[in-house]
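Each chain is listed here by its residues.
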Amino acid sequence: MSTDTAAAPVESAPAAPETKRARKHRKFSPWSVVAWIVALGFFFPVAWMVLTAFKQEGDAYTTPPKLFFTPTLDQFKAVLDSGIGTALLNSAFATAVSTIVVLVLGVPAAFALSLRPVRKTKDALFFFISTKMLPIVAAIIPLYVIVNDIGLLDNIWALIILYTAMNLPIAVWMMRSFFLEVPGEILEAASMDGASLWTSVREVILPLVSPGIAATALICVIFSWNEFFFAVNLTAVQAQTIPVFLVGFITGEGLYWARLSAAATLAALPVILAGWVAQNKLVRGLSFGAIK
Amino acid sequence: MTTIAEKPTSGGTADRVRELREAKDDSVSRAEGWRRRGPLLPALIFMIVVTQIPFLFTLYYSTQSWNLVRPGSRSFVGLQNYVDVFQDSQFREVAVNTVILIVGTVLISVVLGLLLALLLDRAFLGRGIVRTLLITPFLVTPVAGALLWKTTMFDPVFGIVNFVLSPFGVGQVDWVSKFPLASVMVSLVWQWTPFMMLLILAGLQSMPRDILEAARVDGAKPFAMFRELTLPHLRRFIELGAVLGAIYLINTFDAIYMMTQGGPGTASANLPFYIYQRAFLGFDIGQAAAMGVIVVIATIVVATLALRLIFKSFTGNEEAA
């Protein structure tokens, strides 16, 4: 899946080998200009959001839209004063704890479903993925009632449990595909050398799948951080997460574009940065490991 | 799995590994069986408890006439809620909206994603940056993305969309209230095209280059090569993208909640939003639960077909890779 390996096309013998100059020339084909324009177009709303975050409200509402202005940090200061810190902390806590729980539950499960076959492997896999296919709305009413009855309404732990359930199936499928790549003969060799199961897991398998664990964790972080439906229905003030905090901007005191943009930038930035760093892992994670 | 096992084996370590993994555990002792199953159980039990119990409650609530606004009104009504839901013309409109939203968004984002992937499948200056810029919409918190489109992009007076379109004679159009469903779709397509692009790009780059090269040497035209070689190879990636996109889009809530609140009327409501309205704004638990059950049944039917498609293209068809 690595995008870098295919960057240079393989030149086969019968074709006239391209000179360096010819290849360089090809890099400047009009299609790459199109690609650049489209990419900038897709990125533009995000860039505009960040730009607006540095404006005064007056500069945010102008026709034609202002590209040049005196940047200010006022909006970020205002947003930080209005309690975004609590929401960011709640999101970070829910994301971190649920991701850890997902890994603790999911990695052994994926291990059981890959290296050491259990009966009905396919049924178990299907069950996990089938839970992703069910619309969440069908469960939200009883969830609300249950969460209310056990006193976890507006409590971050309710979200942690639900985020764990939301991400666990993806983690199991992803981790299974990473485990399936561990060469069996390595295990055989380890067990022939007298290594116990636990030793070979710790010394041989875990180091091999640790990039997979990192990719799985990243996907869980993205989905938990961005989750909105559970958060808006099951939290209010105490446990509100960052997407719920953003809602406050449209229902409250009217719209302040610049301040809204500053809040949205703070909400989106952590995930954007994480995704940029690990973009190669994204495809595989999001396709539940179906694609290598 | 069985399809792999049935394949003729050619010997070698790969097959030994496969045998090891495919081995039936009929022969292993009961204790060994539990030892193998053990690591699976916590995750399995957790998922069953958290996902299945609420659904059983939903089934139960769907047989109740239960409106929170009328205390003490709760009673067993059998299937009456289901009858009411099917007679509810708004429910039918919303169901149609849901299908339009999913099918439309998936189709457009797959086509755009394919075109973008083809553009990025060649080496050019700054390709890494272009790809990074392109995936960003997928990473933006959906609530923030929806707010961004509703305000700075689609605003009738100060919005960028109208500013860009004004040279073409488009006036101050209030996109979100005039074309609510289309506006929601634009923001969803913006968010999902990068995902499709990434997936299809992965497919393109897993193509054996020597075959393409050989075809070119044999004098195949670029379009013929695309149709005969590239597209068949990409098929399973496109299918996977469509299925995964649909799975996520069936739950679309944030974009509608933030941009249109389902309105005007129910013009842009989808099933999740409509059920949410019934349950949390109309307090009609029984009706909302019945709708939830109907949506689940419909999804199971569609998902079973879709999943069969994934399984077929990803396990039964390895040699096509």
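Residues numbered from 1 in each chain as written. Chains lettered and ligands numbered in written order. Predicted model: local features only at pLDDT ≥ 70, side-chain atom pairs only at ≥ 80, totals over all residues. Heavy atoms only, no water.

**Considering the overall build of chain A**
Then, number 1: Within chain A one finds 13 helices and 0 strands.
Then, number 2: Each helix and strand of chain A, ordered N terminal to C terminal, gives the series α-α-α-α-α-α-α-α-α-α-α-α-α.
Then, number 3: Residues classed as buried in chain A amount to 54% of the 292 residues present.
Then, number 4: Restricting the contact set of chain A to residue pairs at least 6 apart, pairs at least 24 apart contribute 75%.
Then, number 5: Total accessible area on chain A is roughly 12,800 Å²; 68% of this is exposed by carbon and sulfur atoms. (Helix = DSSP H or I, 4+ residues; strand = E, 2+ residues; numbered from the N terminus. Buried < 20%, exposed > 50% of the residue type's maximum accessible area, 1.4 Å probe, protein only. Contact = heavy atoms within 4.5 Å. Areas by Shrake-Rupley, 256 points an atom, 1.4 Å probe, with all protein chains shown as cover.)

**With respect to the overall build of chain B**
Then, number 1: The number of helices and strands found in chain B is 16 helices and 2 strands.
Then, number 2: Within chain B, the proportion of its 321 residues that are buried is 53%.
Then, number 3: Across chain B, the fraction of contacts at a sequence separation of at least 24, relative to all contacts at a separation of at least 6, is 66%.
Then, number 4: Carbon and sulfur atoms form 67% of the exposed surface of chain B, whose accessible area is close to 14,600 Å².

**Some words on the packing of aromatic side chains**
Residue and element names in this part refer to chain B.
Then, number 1: Counted according to the given criterion, the structure contains 31 aromatic pairs over all chains.
Then, number 2: Considering the side-chain rings of Trp 149 and Trp 190, the 5.7 Å spacing of their centres and the 70° angle between planes classify their relative orientation as edge-to-face. Taken together, the residues span a long stretch of sequence, with Trp 149 in helix 8 (residues 142-153) and Trp 190 in helix 11 (residues 180-205) at a distance of 41 residues. As far as burial versus exposure is concerned, Trp 149 and Trp 190 are alike and both buried. (Phe/Tyr/Trp six-rings, centres within 6.5 Å; stacked < 30°, edge-to-face > 60°.)

**Here's the deal with helix 8 of chain B**
Then, number 1: In terms of residue burial, helix 8 of chain B counts as a mostly covered element, since 10 of its 12 residues are buried.
Then, number 2: Taken as a whole, helix 8 of chain B has its buried residues at B:Val143, B:Ala144, B:Gly145, B:Ala146, B:Leu147, B:Leu148, B:Trp149, B:Thr151, B:Thr152 and B:Met153.

**A word on the UniProt feature "domain: ABC transmembrane type-1" (unreviewed entry) in chain B**
Then, number 1: Under the feature "domain: ABC transmembrane type-1" (unreviewed entry), the UniProt entry names residues 95-306 of chain B.
Then, number 2: Segment residues 95-306 of chain B splits into 77% helix and 0% strand. End C-alpha atoms: 19 Å apart. (UniProt positions renumbered as here; feature names shortened; annotations may be inferred.)

**A look at the domain arrangement of chain B**
Then, number 1: If you check the domain split of chain B, you get domain 1 (31-59) and domain 2 (89-319).
Then, number 2: Distance from the C-alpha centre of domain 1 of chain B to the C-alpha centre of domain 2 of chain B: 32 Å. (Domains from an automatic or database assignment.)

**Some points on the nonpolar core**
Then, number 1: A:Phe128, A:Phe179, A:Ile205, A:Leu282 and B:Tyr257 are the most contacted members of the largest nonpolar core, which has 180 residues in total.
Then, number 2: Taken domain by domain, this core gets at least three of its residues from each of domain 1 (31-59) and domain 2 (89-319) of chain B.
Then, number 3: Setting aside residues up to four positions removed in sequence, A:Ile205 forms contacts with A:Phe111, A:Leu115, A:Phe179, A:Val182, A:Leu187 and A:Ser200. (Core = buried A, V, L, I, M, F, W, Y, C linked by side-chain atoms within 4.5 Å.)

**Topic: the packing of helix 2 (residues 30-53) of chain A against helix 7 (residues 127-139) of chain B**
Then, number 1: With their axes 8 Å apart at the nearest point, helix 2 of chain A and helix 7 of chain B run at an angle of 40° to one another. Seen along the crossing, helix 2 of chain A lies across helix 7 of chain B with a hand that is left-handed. Counted together, A:Ala35, A:Trp36, A:Val38, A:Ala39, A:Leu40, A:Phe42, A:Phe43 and A:Val46 of helix 2 of chain A and B:Ile129, B:Val130, B:Leu133, B:Leu134, B:Thr136 and B:Pro137 of helix 7 of chain B form the full contact between these two elements. (Axes fitted to C-alpha atoms, helices over the stretch in contact; angles between N-to-C directions. Left-handed = near helix turned anticlockwise from the far one by under 90°.)

**Focus on helix 4 (residues 41-61) of chain B**
Then, number 1: In this model helix 4 of chain B runs 29 Å from its N-terminal to its C-terminal C-alpha over 21 residues, within 8% of the 30 Å that 1.5 Å per residue would give.
Then, number 2: Its maximal kink placed at B:Gln52, helix 4 of chain B deviates by approximately 25°, while the proline B:Pro54 follows within four residues. (Expected span 1.5 Å × (residues − 1). Bend = angle between axes of the 7 residues up to and from the residue.)

**What to know about unusual backbone geometry**
Then, number 1: In this model, B:Gly263 is joined to B:Pro264 through a cis peptide bond whose omega is -5°.
Then, number 2: Looking at where B:Pro264 falls in the secondary structure, it is placed in the loop between helix 14 (254-259) and helix 15 (271-281).

**Concerning the interface of chain A and chain B**
Then, number 1: Taken together, the contact between chain A and chain B spans 112 residues of the former and 104 residues of the latter.
Then, number 2: For the pair chain A and chain B, the summed buried surface comes to about 10,100 Å²; carbon and sulfur atoms form 77% of the total.
Then, number 3: By the criterion of area lost to chain B, the three top residues of chain A are A:Phe42, A:Met133 and A:Ile141, representing 8% of everything that side buries.
Then, number 4: Linking chain A to chain B there are 0 salt bridges.
Then, number 5: Where chain A touches chain B, the interface holds 11 residue pairs in polar contact (both at pLDDT 80 or more).
Then, number 6: Top contributing element to the side of chain A that touches chain B by residue count: helix 2 of chain A, with 16 residues.
Then, number 7: Here the residues of the side of chain A that touches chain B sort into 85 nonpolar, 18 polar and 9 charged. (Buried area = accessible area lost by both parts, 1.4 Å probe. Salt bridge = Lys/Arg side-chain N within 4 Å of Asp/Glu carboxyl O. Polar contact = N/O pair within 3.5 Å; in protein donor to acceptor, adjacent residues only side chain to side chain. Nonpolar A, V, L, I, M, F, W, Y, C, P; charged D, E, K, R; others polar.)

**Looking at the packing of helix 4 (residues 74-114) of chain A against helix 12 (residues 257-277) of chain A**
The description of two helices packed together rests on the angle between their axes and the distance between the axes.
Residues and elements named next belong to chain A.
Then, number 1: Relative to each other, helix 4 and helix 12 sit at 45°, their axes nearing to 9 Å. With respect to each other, helix 4 and helix 12 are oriented oblique. Taken as a pair, helix 4 and helix 12 cross one another with a handedness that is right-handed. Across from Gln 75, Phe 76, Ala 78, Val 79, Leu 80, Ile 84 and Leu 88 in helix 4, the residues of helix 12 making contact are Ala 258, Arg 259, Ala 262, Ala 263, Thr 265 and Leu 266.
Then, number 2: Residues of the contact of helix 4 with helix 12, tallied by class, amount to 10 nonpolar, 2 polar and 1 charged. (Parallel < 35°, antiparallel > 145°, perpendicular 65-115°, else oblique.)

**Considerations on the pattern of salt bridges**
Any two side chains of opposite charge can pair, so long as their charged atoms come close to each other.
All names here are of chain A.
Then, number 1: In this structure the tally under the stated criterion is 7 salt bridges over all chains.
Then, number 2: Across the salt bridge formed by Arg 202 and Glu 203, the nearest N and O atoms sit 3.5 Å from each other.
Then, number 3: On the accessibility criterion, Arg 202 (42% relative accessible area) is partly exposed.
Then, number 4: Residue Glu 203 is classed as exposed on the basis of its relative accessible area, which comes to 51%.

**Considerations on the confidence of the model for chain A**
Then, number 1: Taken residue by residue, chain A gives an average pLDDT of 84. The fraction at 70 or more is 86%.
Then, number 2: Low confidence marks residues 1-19 of chain A, where pLDDT is under 50. Its contacts with residues over four positions away, or in another chain, come to 27 contacts. (pLDDT = per-residue confidence, 0-100.)

**A few points about the side chain of B:Asp254**
Then, number 1: Position of B:Asp254 among the secondary structure elements: in helix 14.
Then, number 2: One buried charged side chain, B:Asp254, makes no salt bridge at all; its nearest oppositely charged neighbour is A:Lys132, positioned 12 Å away.
Then, number 3: Beyond its immediate stretch of four places on either side in the chain, B:Asp254 contacts A:Asn226, A:Phe228, B:Pro142, B:Val143 and B:Ala146. (Lys, Arg positive; Asp, Glu negative; His and termini not counted.)

**Observations concerning the environment of A:Ser130**
All names here are of chain A.
Then, number 1: Within the secondary structure, Ser 130 is located in helix 5 (residues 121-133).
Then, number 2: Along the backbone, Ser 130 and Leu 143 are 13 residues apart, and their C-alpha atoms lie at a distance of 19 Å.
Then, number 3: Separated by 2.7 Å, the side chain of Ser 130 and the backbone oxygen of Phe 127 make a polar contact.

**Focus: the environment of A:Ile129**
Residue and element names in this part refer to chain A.
Then, number 1: With respect to the helices, strands and loops of the structure, Ile 129 is situated in helix 5.
Then, number 2: Classification of Ile 129 by relative accessible area gives buried; the value is 2%.
Then, number 3: Distance from Ile 129 to Val 277, taken between C-alpha atoms, is 27 Å for residues 148 residues apart in sequence.

**What to know about the confidence of the model for chain B**
Residues and elements named next belong to chain B.
Then, number 1: Scored by pLDDT, chain B comes out at a mean of 85, with 87% of its residues at no less than 70.
Then, number 2: Taking the mean pLDDT of every element in chain B, the minimum, 40, falls on helix 1 (residues 2-6) and the maximum, 95, on helix 6 (residues 89-120).
Then, number 3: Predicted confidence for residues 1-11 stays below pLDDT 50, and this span has 12 contacts to residues more than four positions away or in other chains.

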